[in-house]
Structures are given as structure tokens and as C-alpha cells.
Amino acid sequence: MKKIGIIIPDFAEGGMPKIASTLIEYLQAYFTIDLILLNRDKEIRYPTSSANLIRVTSLGTNFFSKIIVYFNRIYIVRRIVKNNQYNAVIGFGVAANILAILCRKHTRVIGTEHNIKSIENKKWGIAGKIFNVLMRHLYPKADLIVAISEGMKVDLIENYGLPKEKIIVINNPHNLEKIKQNGNYNGAKNKLDNGVINFVTIGRLTDVKNQLLQIRAVQMLSKNNKVNLHIFGEGVLEKDLKNYVGEQRLEETVHFHGFVKNPYPYLKEADAFLLTSLNEGFPNALIESLCLDTPVITADCVSGPREIVDPAESIDYKDMIDSFTIKNNGILTKRLTRTYESGELNDSELDFYNALVYFLENKTMISEISESVNRFDSNIIGEEYKKQINRIC
């Protein structure tokens, strides 16, 4: 049996650990797997199946200590890869990808990208600029780079000069059957008020996820409608968001649940899932919601939502929609142009609000939901990963 290593920052939060967990669950029948966690201190929140865990180093506390830690990781990971004689190594995210590529003397390398790096790296200051240089220099040296969306593939080609033949689009895998099973737990019925419209959102509480816009939109809706917003996730903006809710006396309307290991019963019971991100990779929660027959109302950010909600939609993200459009499994709204902070809604934010109004008035227009995500099943996506691993080694 071939042996592979999966390198990832941690297994604590975000979409990458969830996707890596699902992929390991499928691949463990065909490969011996080591899971190499770069940050050895963070909590493991997702199943690791039969993978052997290898923890690397602690995370630095400031920019300079992080640089020292990163160079130390190069040495440690190279030694791990050399000693274990992996047939292939798969990196998750830019830091892990670069480390994997630096080990290419000892193994084959697959890098996977999970966000639009030309946008995300700008937010990382000096570190982002360093990553941009390293990506342009090192990514072409990988055996394969997996982009999880068509929009991401275009970004890697146009902004990082990656050869087309080095890139393949493989969407995120999801164990749809398990999601449906987990969605059948009855606990959510005690949390969601059946007498109101319940919106749910899941994600890190950060500027890019833009949850304050959802809170403001629901606040406006609540003047004439019985609505609740349930927010699942943790992050740096949690205190600020809770302060706003308290100041506006919205505690009976907006509910914070923190990190919940199984949010699927809430998704299943919800009337709709909301997404207001400024940019994404390939948002897992949209697929999970649709799998549970819950419609989505999502901004047309780069990238992912239009590819999930309507595969027939143009994948040219320069071709922006003028106003919210109705799909069989939800509503796609204009691309948001900023992180909402206060005051009046701008044009794109008002379009999102108007989509919520339309949904409240026309709930029955949504149909044919769960079947639309069958193409993201882990058996299909996992088989594609298995094929590519065997192809390069």
C-alpha cells in the first residue's frame, strides 16, 4: 500500500481541516496516511480516522518569531518526509504547500489551494507579499496544484503565472450521507423557534465573512417580520458583534452559538442559510445546507457560490450580476464591495437585504435542492484524488 503525508496548519478551525478529514476518511482504504500538523498545540476538532498524527512545532507569538518557527518547520518537515519515504505529500493551504514543495527531492507533491490568494494575501501585510513571491517561484515546481474552484484556477494562472497543465480543479469532498444522518438529530428543534423565520450562518467571525451585514439586515427585517439569525462560529470579531447586538437590544433576534461540533440539525431546521463573504474558496456550508434541503441566500463572491448554486452560471467572475437572481436552490446576490461597519447600506448590501425580503415573501419558489450537490459527494471527489495520487507516483 502506498504511503502519503498530508501537511496542514492545524485541525482546529476553518474549512481546510474539515475537508482534509473527509478526504482522509475516503483515502484511508487505499493509502497509509500520516497527518502532519504544523501547529502542534491547537485542539483537534475533526476526525482523523486511521491517520497517524505527527505534530511539528508551536506557533510563534509575533512576526519575527513566526519567521524563526517557519524556518525550523522546513528542517523538521523535510526530515519527516525523508524518514517516512512517502510516495506523495499533499499540502493544504499556502504555508503547507510551500513546505511540501521544499521536500520534493524526497517525494511527489500535490499542493491544494483553498482561497483566492491574490485577494487573501493582500490582507496579510508583509507575510502576504512574501507568500506571493514564494508562490510564483515554487508552485510551478509541484507535481500538481489542486484548485478547489474554477475561479481559483483562473486566479492562479492570471496572478501567479502557474502553467495550466499544472492545475486541476477538484471541488471539496463532502460525505453527504453522513451530513444527512447528522442532520436528523432532534436537538435543534428546541433551539429554533418554529414561530419565526430562522436564518443560519456558519463561519469564522472575521471581517471577510461580514456577519455584521447579516445582523443589520435581520435588524431591518425584524421591524415588520418575525425573524431570527443564528450565528455559529468563533473568531476575532465575536466580542464586537455581541456588543453591537447588545447595544441594539437584539438579543431576542440574534443568537450566538459558538463552535458546535454538529451544526447540521440547525441547518436542516433553518429556513435559509446566509453567506455574506467578500471572498471565499469554495464555501463548504453552502453545500452542507443544500444537502439538507435548506435554500441558501449568498453573495456572488469570488469564488465558489455561483459554481455551487448554479453550475450553468458563467464561471467568468468578471461577469458580475446586476441584481439578485433566483435559482432552483436559492438566491445569488450582487458581489459585496466592503465589510459593513455602520450606517446606511450601500448598493450591493441593499441588494442582499432585498433578497431576504423577496425570500420572506416567496419561500415556496425554491425547489430541487439536495440533488444539486450530489457531484460533491466524497466518493466522487475522493476517487479523483486517488486517481491523481496514483498518476503522479
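Refer to the preceding data block for the structure.
Quick caveat: nothing in here was measured; it's all calculated off a predicted structure.

Draft legend 1. Structural detail: the overall build of the protein. In terms of helices and strands, the protein carries 14 helices and 14 strands. At 21 Å, the protein has a C-alpha radius of gyration in line with the 21 Å of a compact globule built from 393 residues. Considered along the principal axes of its C-alpha atoms, the protein spans approximately 65 × 40 × 40 Å. For the protein, the residues scored as buried account for 56% of the 393 residues in total. When contacts within the protein are restricted to residue pairs at least 6 apart in sequence, long-range pairs at least 24 apart make up 67% of them. Surface summary for the protein: the accessible area is close to 17200 Å², and the carbon and sulfur share equals 48%. Taking the average place of the 49 positive charges on the side chains of the protein and the average place of its 45 negative ones, the gap between the two points comes to 9 Å.

Draft legend 2. Fine view of the sheet that holds strand E9 (residues 227-232). Read from one edge to the other, the open sheet built from 7 strands follows the order E10-E9-E8-E11-E12-E14-E13, with strand pairing classed as mixed. Both edges of this open sheet fall to strand E10 (254-258) and strand E13 (325-327), since each of them pairs with a single strand only. Mean inter-strand twist for the sheet, computed between neighbouring axes without regard to direction, equals 20 degrees. In the sheet, strand E12 (residues 296-299) pairs with strand E14 (residues 330-333) via 4 bridges, with the strands oriented parallel. For Ile297, the partnering residue across the bridge sits in E14 and is Ile331.

Draft legend 3. View of the environment of Leu38. Position of Leu38 relative to the elements: it lies in strand E2 (residues 32-39). With a relative accessible area of 1%, Leu38 lands in the buried category. A C-alpha to C-alpha distance of 35 Å links Leu38 and Asp316, two positions 278 residues apart in sequence.

Draft legend 4. Representation of the sheet that holds E2 in the model. The sheet built from 7 strands is open, its strands ordered E3-E2-E1-E4-E5-E6-E7 with parallel pairing. The sheet is open, and its two borders are formed by strand E3 (52-57) and strand E7 (167-169), each paired with just one other strand. The mean inter-strand angle of the sheet, taken between neighbouring strand axes irrespective of direction, is 20 degrees. Inspection of the sheet shows strand E5 (residues 108-113) paired to strand E6 (residues 144-147) by 4 bridges, in the parallel sense. The residue bridging Glu113 from the neighbouring strand is Ala147, located in E6. This element, helix H14 (residues 378-392), spans strand E1 (3-8), strand E4 (88-92), E5, E6 and E7 of the sheet and lies at about 145 degrees to E5.

Draft legend 5. Layout of the packing of aromatic side chains. Following the criterion strictly, the structure yields 6 aromatic pairs and no others. The interplanar angle of 40 degrees and the centroid separation of 5.5 Å between the aromatic rings of Tyr26 and Tyr30 together place this pair among those described as tilted. The exposure class of Tyr30 is partly exposed, given its relative accessible area of 36%. The interplanar angle of 50 degrees and the centroid separation of 6.2 Å between the aromatic rings of Phe199 and Phe359 together place this pair among those described as tilted. Of this pair, Phe199 sits in strand E8 (residues 197-202) while Phe359 is found in helix H13 (residues 347-361), placing the two residues 160 residues apart along the sequence.

Rules used in this analysis
Residues numbered from 1 in each chain as written. Predicted model: local features only at pLDDT ≥ 70, side-chain atom pairs only at ≥ 80, totals over all residues. Heavy atoms only, no water. Helix = DSSP H or I, 4+ residues; strand = E, 2+ residues; numbered from the N terminus. Rg over C-alpha atoms; globule rule 2.2 N^0.38 Å. Buried < 20%, exposed > 50% of the residue type's maximum accessible area, 1.4 Å probe, protein only. Contact = heavy atoms within 4.5 Å. Areas by Shrake-Rupley, 256 points an atom, 1.4 Å probe, with all protein chains shown as cover. Lys, Arg positive; Asp, Glu negative; His and termini not counted. Charge placed at Lys NZ, Arg CZ, Asp CG, Glu CD. Pairing = 2+ DSSP bridges. Axes fitted to C-alpha atoms, helices over the stretch in contact; angles between N-to-C directions. Phe/Tyr/Trp six-rings, centres within 6.5 Å; stacked < 30°, edge-to-face > 60°.

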